[in-house]
Amino acid sequence: MKNVMEDIVAEKLDEVIGTLGCCTCEQCRSDIISYALNRLKPKYANTELGAALAKVDTLSHQFEVDVLTAIYDGAETVSKNPRHAKA
Ligand SMILES: [Zn+2]
């Protein structure tokens, strides 16, 4: 079983990370992804077809807004409490 949200959030984060004003190191990136995934409903798929179908209903505008909101909140939280010394 695979949570297809992991790929979706990681892709979205790559698109917007330059605009977030947060640290973009691997550590912070993965912390933001974990935070966002905890806020979003997981979508599990155990086949390639299942994963493709799960992605279809991620094309709605509302879904995109929810993912971006979770990413922005995650970036803010991680910037305030990075797991490493501030650069
Ligand atoms: Zn960092």
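Residues numbered from 1 in each chain as written. Predicted model: local features only at pLDDT ≥ 70, side-chain atom pairs only at ≥ 80, totals over all residues. Heavy atoms only, no water.

## Notes on the packing of helix α1 (residues 5–20) against helix α4 (residues 61–80)
Alright, step 1. Where α1 contacts α4, the axes come no closer than 10 Å and their chain directions differ by 60°. Seen along the crossing, α1 lies across α4 with a hand that is right-handed. In this structure, α1 uses M5, I8, V9, K12, L13, V16 and L20 to contact α4, whose residues at the interface are F63, E64, V67, L68, I71, Y72 and A75. (Axes fitted to C-alpha atoms, helices over the stretch in contact; angles between N-to-C directions. Helix = DSSP H or I, 4+ residues; strand = E, 2+ residues; numbered from the N terminus. Left-handed = near helix turned anticlockwise from the far one by under 90°. Contact = heavy atoms within 4.5 Å.)

## Regarding the coordination of the zinc ion
Alright, step 1. Coordination of the zinc ion by the protein comes from C23 (SG), C25 (SG), C28 (SG) and H84 (NE2), over a distance range of 2.0 to 2.3 Å.
Alright, step 2. Here the zinc ion is ringed by four donor atoms whose angles at the metal span 93 to 121°, and the overall shape comes out tetrahedral.
Alright, step 3. Ordering the donors of the zinc ion by residue number gives the pattern C-x1-C-x2-C-x55-H. Here the residue C28 occupies a position in helix α2 (residues 26–39), and H84 occupies one in the segment after α4, the gap between them amounting to 56 residues.
Alright, step 4. By relative accessible area, which is 1% here, C28 ends up buried.
Alright, step 5. On the basis of relative accessibility, which here comes to 27%, the residue H84 falls in the partly exposed class. (Donors = N, O, S within 2.8 Å, 3.2 Å for Na, K, Ca; no water. Tetrahedral: all angles 85-135°; square planar, octahedral: opposite > 155°, others 65-115°. Buried < 20%, exposed > 50% of the residue type's maximum accessible area, 1.4 Å probe, protein only.)

## Digging into the confidence of the model for the protein chain
Alright, step 1. The share of residues in the protein chain with pLDDT of 70 or more is 98%, and the mean pLDDT across the chain is 92.
Alright, step 2. Of all helices and strands in the protein chain, the one with the weakest mean pLDDT is helix α3 (residues 48–56) (85), whereas α2 scores best (97). (pLDDT = per-residue confidence, 0-100.)

## As for the environment of I71
Alright, step 1. Along the polypeptide, I71 turns up in helix α4.
Alright, step 2. Remark: the alpha-carbon pair of I71 and Y44, spanning 27 residues in sequence, is separated by 20 Å.
Alright, step 3. Filtering out sequence-adjacent residues up to four positions away, I71 remains in contact with V9, K12, L13, V16, L20, I32 and A36.

## Quick look at the nonpolar core
Alright, step 1. Counting residues in each nonpolar core, the largest one holds 26 residues, and the members touching the most others are V9, L20 and I71.
Alright, step 2. Contributing elements (two or more residues each) for this core: α1, α2, α3 and α4.
Alright, step 3. Per-element tally for this core: the top contributor is α1, with eight residues.
Alright, step 4. Among all residues touching V9, those that are not within four sequence positions of it are I33, A36, L37, L40, V67 and I71. (Core = buried A, V, L, I, M, F, W, Y, C linked by side-chain atoms within 4.5 Å.)

## Topic: the environment of R83
Alright, step 1. Looking at the secondary structure, you find R83 in the segment after α4.
Alright, step 2. Taking C-alpha positions, R83 is 24 Å from I8, a pair spaced 75 residues apart along the chain.
Alright, step 3. Beyond its immediate stretch of four places on either side in the chain, R83 contacts Q27 and D31.

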